[in-house]
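# Residue-level structure breakdown
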Amino acid sequence: MAAIQYTDRGTAVRVTPAGRALTQAVLAALGAPSILNTQPWHWRIDGDTAQLRADRGRQLATIDPDGRLLTLSCGAALHHARVALAADGVAAEVAYLPDDDDPDLLATVRHAGPAARAGTTVTAEPQRLRRAMGIRRTDRRPFADLDVPEAALDRLRAAATAAGADLHVVRPQDLVDVAVAAGHAADVERADPAYRAELAAWVRAGAEDGVPPGTAAAPGPRPVPIRDFTGTAADQVSVYAGGEVADRHARYAVLVTRGDLPRDWIAAGEALSAVLLTAVGDGLAASPMSDVVEVPAARAMLRRMLGDVGHPAMAVRIGVLAKLDAPPVTPRRRSVSTVEVVAEPSPDR
Ligand SMILES: Cc1cc2nc3c(=O)[nH]c(=O)nc-3n(C[C@H](O)[C@H](O)[C@H](O)COP(=O)(O)O)c2cc1C
């Protein structure tokens, strides 16, 4: 197992069965997606509770001045941990933002015993999502020229709703609105030296965080431009300028929350994780897209497209895999810097 930081409260180290189950779940949750792979979370396991804390030192000052995407990333990690616990047959009780004086404490997850005993029905779904956690990756490559089955989109909507946010699948006739919003966001961000500097600082190979340049998609015309990590794809928007257009069968969906406060952002993150894992469980591929919500005017365009109801928190691109080979892996920070386990004093010392 990866190294974990143990905080020894007594003279010897002992971790309870609940602590061990929470540790396993939290380690699995380190694979959650995050904005620019900043992995802005810290977990502390103490007795039968795991605390999820936002790591503000990893907030992106230009891309994410309010910490919305940081909180959303932590919400995705929270959902991953819940899935891992459920797949292990453990019931979990989650308290959101439990301390008004400590807003960076986003959630506590309490191990509430075996799910069956706690009255929760154990289904095969958590196992399916847990398997998806192991293979999910952000896939920015063009998808196959095959339609995403409507039944799969229905399952994604249901997964998002169950996790606390609405998923609006963009109708083909509204795709141009998403394309305009994404193109506008790309133009605004690329013109901002602070954005370019922040992106340059986080796109790097060989580190344990950030986005490796090898995971970026090749530039080229697409119906909806996606984030350009390479700095060379300034003409991605030129879909109507001719040439071979890739990714024509990708579907786009927008996660929407009722409010626009930290509690809503956590829900959006949980829903993003639920959507991505459900898609992968169904053999589909997906890539999150936040540039369209980072630029206020682009976010407002999405909101108008959705009838001015709710707050767009995130967009997702979904499609059928064009190739069976997996996209490249993005690394993770070592658990010694992200997970702390408070060990109980051993009774036999
Ligand atoms: C809140 C959030 C925003 C993201 N925004 C984008 C984006 O705009 N474009 C993109 O290509 N990937 C985006 N991603 C995907 C991350 O870059 C990706 O999760 C991270 O690099 C780790 O890689 P993995 O998902 O393959 O594990 C986002 C992920 C999250 C959670």
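First, a word on scope: everything that follows refers to the structure included in this document. What you are looking at is a predicted structure, and each value in this text was computed from that prediction instead of being measured.

Here is what the cut-offs are and how they apply
- Residues numbered from 1 in each chain as written.
- Predicted model: local features only at pLDDT ≥ 70, side-chain atom pairs only at ≥ 80, totals over all residues.
- Heavy atoms only, no water.
- Near = heavy atom within 4 Å.
- Polar contact = N/O pair within 3.5 Å; in protein donor to acceptor, adjacent residues only side chain to side chain.
- Helix = DSSP H or I, 4+ residues; strand = E, 2+ residues; numbered from the N terminus.
- Nonpolar A, V, L, I, M, F, W, Y, C, P; charged D, E, K, R; others polar.
- Buried < 20%, exposed > 50% of the residue type's maximum accessible area, 1.4 Å probe, protein only.
- Lys, Arg positive; Asp, Glu negative; His and termini not counted.
- Salt bridge = Lys/Arg side-chain N within 4 Å of Asp/Glu carboxyl O.
- Contact = heavy atoms within 4.5 Å.
- Axes fitted to C-alpha atoms, helices over the stretch in contact; angles between N-to-C directions.
- Parallel < 35°, antiparallel > 145°, perpendicular 65-115°, else oblique.
- Phe/Tyr/Trp six-rings, centres within 6.5 Å; stacked < 30°, edge-to-face > 60°.
- Lys NZ or Arg CZ within 6 Å of the ring centre and 35° of its normal.
- Pairing = 2+ DSSP bridges.
- Core = buried A, V, L, I, M, F, W, Y, C linked by side-chain atoms within 4.5 Å.
- Domains from an automatic or database assignment.

### With respect to the site of the ligand
Taken together, 22 residues lie near the ligand, and Arg-136, Thr-138, Arg-140, Ser-290 and Arg-332 sit nearest. Arg-136 places a side-chain nitrogen or oxygen 2.8 Å from an oxygen atom of the ligand. Residue Arg-140 places a side-chain N or O atom 2.5 Å away from an oxygen atom belonging to the ligand. Listed by contribution, the elements that provide at least two residues to the shell around the ligand are α2 (68-87) and β8 (284-289). Classifying every residue of the shell around the ligand by side-chain character gives ten nonpolar, six polar and six charged.

### So, the side chain of Asp-291
On the secondary structure map, Asp-291 appears in helix α8 (residues 291-294). For Asp-291, which is buried and forms no salt bridge, the nearest opposite charge comes from Arg-227, at a distance of 5.2 Å. Setting aside residues up to four positions removed in sequence, Asp-291 forms contacts with Ala-185, Glu-189, Ile-226 and Arg-227.

### Notes on the pattern of salt bridges
Counted under the stated rule, the structure contains 27 salt bridges. A salt bridge links Arg-171 to Asp-174, with the nearest nitrogen and oxygen atoms 3.0 Å apart. On the basis of relative accessibility, which here comes to 46%, the residue Arg-171 falls in the partly exposed class. Taken together, the shared-partner salt bridges in this structure form one network comprising Asp-55, Arg-58, Arg-204 and Asp-209.

### Some points on the packing of helix α3 (residues 125-135) against helix α7 (residues 262-281)
When two helices pack together, you describe them by how their axes are tilted relative to each other and by the distance separating the axes. It is at 8 Å that the axes of α3 and α7 come closest, and there the two elements cross at 90 degrees. When the interaxial angle is binned, α3 and α7 end up roughly perpendicular. Side by side, α3 and α7 meet where Arg-128, Leu-129, Ala-132, Met-133 and Ile-135 of the first sit next to Leu-277, Thr-278, Val-280 and Gly-281 of the second. Its residues assigned to classes, the contact of α3 with α7 shows six nonpolar, two polar and one charged.

### Quick word on the environment of Val-293
Inspection of the secondary structure assignment puts Val-293 in helix α8. Given the relative accessible area of 1%, Val-293 is considered buried. For the pair formed by Val-293 and Ala-185, sequence separation is 108 residues and the distance between their alpha carbons is 8.1 Å. Filtering out sequence-adjacent residues up to four positions away, Val-293 remains in contact with Arg-68, Leu-69, Arg-299, Leu-302, Pro-312, Ala-313 and Met-314.

### Some thoughts on the packing of aromatic side chains
Across all of its chains, the model carries zero aromatic pairs by this definition. In this structure, Arg-204 packs its charged tip against the face of Trp-202, placed 4.9 Å from the ring centre. The ring centre of Phe-143 lies 3.8 Å from the NZ or CZ of Arg-317, which sits over that ring.

### Looking at the pairing of strand β10 (residues 339-343)
Burial within β10 is extensive, with five of its five residues counted as buried. Alternating residues of β10 divide into Val-339, Val-341 and Ala-343 and Glu-340 and Val-342, and every residue in both groups is buried. Across four bridges, strand β2 (residues 41-46) lies against β10 in parallel orientation. In the sheet register, Ile-45 faces β10, and the bridge partner there is Val-341.

### Comments concerning the nonpolar core
Counting residues in hydrophobic clusters, the biggest one holds 64 residues, and the most contacted among them are Leu-36, Leu-167, Leu-255, Leu-302 and Ile-318. Here this core takes seven residues from α7, the largest share from any one element. Mapped onto the domain boundaries, this core takes at least three residues apiece from domain 1 (5-135 + 333-343) and domain 2 (150-320). With residues up to four places along the chain from it excluded, the contact list for Ile-318 reads Phe-143, Val-148, Leu-156, Ala-250, Arg-251, Ala-253, Leu-284, Ala-285 and Ala-286. Listed in part, the 37 residues of the second largest apolar core include Val-15, Ala-21, Ala-25 and Ala-132.

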